Structure formats: C-alpha cells, structure tokens
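Here is how the chains run, residue by residue.
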Amino acid sequence: MQICRVVGTVVSTTKAEKLSGLKLLLVRPIDMDTMEEKGPLTVSIDTVGAGEGEVVMIVGGSSSRQTAATDGTPVDNAIVAIIDHIDAGHKRIYDKAARSGS
Amino acid sequence: MYTGKVEGTVVATVKSPGLEGIPLLVVRVIENGKEKGRIIAADSTRQAGTGDFVYLIGSREAGRMFRKPLVPADAAIVGFIDDYNEEL
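Being a predicted model, the structure only gives us computed values, none of them experimental.

1. Details of the confidence of the model for chain B
- For chain B, the mean per-residue pLDDT works out to 95, and 99% of the residues sit at or above 70.
- Scored by ipTM, the complex comes to 0.93, with pTM at 0.94.

In structure tokens form, the structure reads like this:
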C-alpha cells in the first residue's frame with residue numbers, strides 16, 4: 001500500500017452507475033523516505049471518511065474493491081485508512097497529532 | 001513475490017474493517033539486491049519486526065492471505081528469508 005495526502009475532492013454527476021454514492025477524493029502520493037508529496041494526482045474512492053489535508057493509506061488494483069463500499073464497482077484505487085503515525089528508522093516520521101513531517 | 005526489509009510500523013485507528021487486527025509495517029522493497037522505495041505491507045505472519053528480511057506477495061492475493069472476506073491489502077508479508085544465494 002501507499003500513503004497519500006488528500007488534496008481535494010472530485011464531483012461528478014455523470015458517471016458509471018455503480019460509482020454513484022461513492023465519495024471521490026483527489027490524492028497525491030507521499031514519498032515515505034522524504035515524507036514529501038511527490039507524484040501524480042490520483043482520484044481515489046474514500047471508504048473511511050477522510051478529510052482534506054489528511055494523510056491516508058491507499059490500496060490499488062482489484063484489492064481496492066475489497067471493501068463493503070467498493071465491492072463490485074469499477075474502482076481501482078481506494079482510501080482504506082487514515083494514518084495516525086508512522087515510525088521508521090527508529091524515529092517518528094509522521095504524526096497526525098503533531099502534524100510533523102507534513 | 002518479491003523481497004523486502006522491514007523498517008518500521010504504521011498505526012491507523014480509523015481503517016477499513018477488513019484491516020482490523022492486521023499489523024501494518026513499513027517495508028523497504030529490495031529487487032535483485034538493490035534497495036527501492038518504501039511501501040506499507042500487511043503482515044500475515046504477525047511476527048515480523050524492524051530489520052527482518054522478508055518476502056511478500058502483491059496485488060489481490062495479498063488480501064487472500066488473511067482468509068477472511070474483504071481485506072483491502074495489495075502487499076502482504078508472507079515469510080522470512082534466512083539466507084539466499086544468487087547464481088549470476
């Protein structure tokens with residue numbers, strides 16, 4: 001899985017029928033070495049109530065359809081967790097509470 | 001399948017129900033002995049810790065390692081590597 005920052009929302013009234021009712025968010029990948037946003041914007045289906053600015057974990061491919069909300073839908077990217085903190089290399093490289101590394 | 005080294009842990013209290021009780025670890029992907037980027041992997045062994053050299057399974061099969069429906073994981077640690085040799 002990857003981590004991303006939620007940078008926006010996507011509103012689409014004309015879309016595949018099975019996508020109706022799903023929340024589309026705009027996310028940008030975060031490089032877990034530098035903890036900086038790097039990479040292309042992606043549209044991801046929110047399944048956990050993520051908000052703008054939050055750091056989230058996304059899953060891709062058919063694994064992203066393994067949630068109640070996205071099961072059987074034309075989705076290949078979903079937000080499945082909101083990150084509280086990440087410890088790596090014996091230090092806290094991200095802490096939602098402290099907003100460090102953001 | 002591919003190899004990697006465990007470098008840390010991820011804590012997320014708000015997450016998909018399918019991920020409940022599954023450790024999420026920071027893994028440095030290693031391909032052909034070369035270090036690549038970091039990913040997050042679900043630990044199906046439930047014993048991996050920082051410094052362990054592990055092998056992983058990707059995409060949809062990662063979720064299947066947990067033998068319960070609807071596990072949204074696309075990377076899972078499935079075993080430990082004690083040593084290996086390369087015939088180059």
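2. Here we look at the pairing of strand 6 (residues 77-82) of chain A
- In terms of residue burial, strand 6 of chain A counts as a mostly covered element, since six of its six residues are buried.
- Pairing geometry for strand 4 (residues 42-46) of chain A and strand 6 of chain A, over two bridges, is parallel. Across the sheet, the residue bridging to I45 of chain A is A78 of chain A, located in strand 6 of chain A.
- Pairing analysis gives five bridges linking strand 5 (residues 55-60) of chain A to strand 6 of chain A, with the strands arranged antiparallel. Bridging across to strand 6 of chain A, I58 of chain A finds its partner in I79 of chain A.
- Two elements, strand 6 of chain A and strand 2 (residues 14-15) of chain B, share two bridges in a ladder whose sense is antiparallel.

3. A few points about the environment of A76 of chain B
Residue and element names in this part refer to chain B.
- Topologically, A76 is positioned in strand 6 (residues 75-80).
- Residue class for A76 comes out buried when judged on its relative accessible area of 0%.
- Residues A76 and A12, 64 residues apart in the sequence, show an inter-C-alpha distance of 17 Å.
- Ignoring any residue separated from it by four or fewer positions in sequence, one finds A76 in contact with A41, A42, Y55, L56, I57, A62, M65 and F66.

4. What to know about unusual backbone geometry
- Backbone geometry at M35 of chain A places phi at a positive 60°, although glycine is not the residue there.
- In this fold, M35 of chain A is placed in the loop between strand 2 (23-31) and strand 3 (36-37).
- What makes M35 of chain A buried here is its relative accessible area of 8%.
- Of note, L70 of chain B is a non-glycine position whose phi angle comes to about 55°, a positive value.

5. Topic: the packing of aromatic side chains
Residues and elements named next belong to chain B.
- Within the structure shown, the criterion is met by one aromatic pair over all chains.
- Aromatic pair F53 and Y84: ring centres 5.8 Å apart, planes at 55°, arrangement tilted. Here Y84 lies in the segment after strand 6 and F53 lies in strand 5 (residues 53-58), a separation of 31 residues in the sequence.
- For Y84, a relative accessible area of 48% gives the class partly exposed.

6. Some words on the interface of chain A and chain B
- Facing 28 residues of chain A, the contacting portion of chain B comprises 29 residues.
- Regarding the contact of chain A and chain B, the summed buried area is about 2,200 Å², with carbon and sulfur atoms giving 56% of it.
- On the chain A side of the interface with chain B, the three residues burying the most area are M1, M32 and Q66 of chain A, jointly 30% of the side's total.
- Remark: the boundary between chain A and chain B carries two salt bridges.
- Put simply, R38 of chain B and D33 of chain A hold a salt bridge, and the shortest N to O gap is 3.9 Å.
- Counting across the interface, chain A meets chain B through 16 residue pairs in polar contact (both at pLDDT 80 or more).

About the criteria used
Residues numbered from 1 in each chain as written. Chains lettered and ligands numbered in written order. Predicted model: local features only at pLDDT ≥ 70, side-chain atom pairs only at ≥ 80, totals over all residues. Heavy atoms only, no water. pLDDT = per-residue confidence, 0-100. Buried < 20%, exposed > 50% of the residue type's maximum accessible area, 1.4 Å probe, protein only. Helix = DSSP H or I, 4+ residues; strand = E, 2+ residues; numbered from the N terminus. Pairing = 2+ DSSP bridges. Contact = heavy atoms within 4.5 Å. Phe/Tyr/Trp six-rings, centres within 6.5 Å; stacked < 30°, edge-to-face > 60°. Buried area = accessible area lost by both parts, 1.4 Å probe. Salt bridge = Lys/Arg side-chain N within 4 Å of Asp/Glu carboxyl O. Polar contact = N/O pair within 3.5 Å; in protein donor to acceptor, adjacent residues only side chain to side chain.

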